[in-house]
Amino acid sequence: GTGVIRDLKQAAFWYERAALGGNIRAMHNLATLLASGQNGKPDYAAALRWYGEAAESGLRDSQYSVGILLAGGVGAKPDQSKAFQWFSLAADQGHAEAARKRDEIARRRSTGEMKAAKAALELWRPRAVDPVANKPPVSDQGRTAALAIRTRRCRSRSRSCRCRSSHGCRTP
């Protein structure tokens, strides 16, 4: 709510729109909003889904959040092996708390379980992200970013289209 009245329903609407368009930060923010319950009852299953989408793309904070939900069995059945994997990936990117959680799980797992979890980590690769959906908007000739978005021509190269609507245009 910087400069505007705080409206979590509107925030959820815009986060979801951006998340569906492939913006990984919006996926994370939507998941956080869903898990918080600030828009009503917490929806941990939906939060886990959106955190998972962003985590698969390599977003460290989402990887940590997926680990937390899976370790506690919130939004899904508890899965310590997968929680270990997500904590490890976040820890590899410098998330100190994820490293502590990873080590805590490792102490409670058998040698065989740890070997299998580490083998799965070796195979993991982040999903490619859409660079257009994840590029921050820039101002255009003194206009705000919002105005610049509305006035750019879409990818369809149609002279008449300046929107994001019916034909699936996702031009920022």
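The following refers to the structure shown. The structure presented is a predicted model; accordingly, all values stated were derived computationally and were not measured.

A closer look at the packing of helix H1 (residues 8–20) against helix H2 (residues 24–36)
H2 packs onto H1 with a crossing angle of 145° between their chain directions and a minimal axis gap of 8 Å. Both H1 and H2 take part in a crossing whose hand is left-handed. Facing H1, whose interface residues are Leu-8, Ala-11, Ala-12, Tyr-15, Glu-16, Ala-18 and Ala-19, H2 presents Ala-26, Met-27, Asn-29, Leu-30 and Leu-33. Among the residues making up the contact of H1 with H2, the classes are represented as 10 nonpolar, one polar and one charged.

Section: helix H6 (residues 96–108)
Taking 1.5 Å per residue as the helical rise, H6 with its 13 residues ought to reach 18 Å, and the 19 Å between its terminal C-alpha atoms agrees with that figure. Regarding H6, the residues found buried are Ala-98, Ala-99 and Ile-105. Mapping the buried residues of H6 onto a view down its axis gives an arc of 130°, with all of them on the same face. Residues of H6 that are exposed and point more than 90 degrees away from the buried face comprise Arg-107 and Arg-108. At its buried positions, H6 is contacted by helix H4 (60–72) and helix H5 (80–92).

Side note on helix H3 (residues 44–56)
Relative to the 18 Å expected for 13 residues at 1.5 Å per residue, H3 spans 18 Å between its end C-alpha atoms, a close match to the ideal helical length. Of all the positions in H3, only Ala-47, Leu-48, Trp-50, Tyr-51, Gly-52, Ala-54 and Ala-55 are classed as buried. The inward-facing, buried residues of H3 abut H1, H2, H4 and H5. One or two residues past the end of H3 sits Gly-58, with phi positive at roughly 100°.

Rules used in this analysis
Residues numbered from 1 in each chain as written. Predicted model: local features only at pLDDT ≥ 70, side-chain atom pairs only at ≥ 80, totals over all residues. Heavy atoms only, no water. Axes fitted to C-alpha atoms, helices over the stretch in contact; angles between N-to-C directions. Helix = DSSP H or I, 4+ residues; strand = E, 2+ residues; numbered from the N terminus. Left-handed = near helix turned anticlockwise from the far one by under 90°. Contact = heavy atoms within 4.5 Å. Nonpolar A, V, L, I, M, F, W, Y, C, P; charged D, E, K, R; others polar. Expected span 1.5 Å × (residues − 1). Buried < 20%, exposed > 50% of the residue type's maximum accessible area, 1.4 Å probe, protein only. Arc of directions from axis to C-beta.

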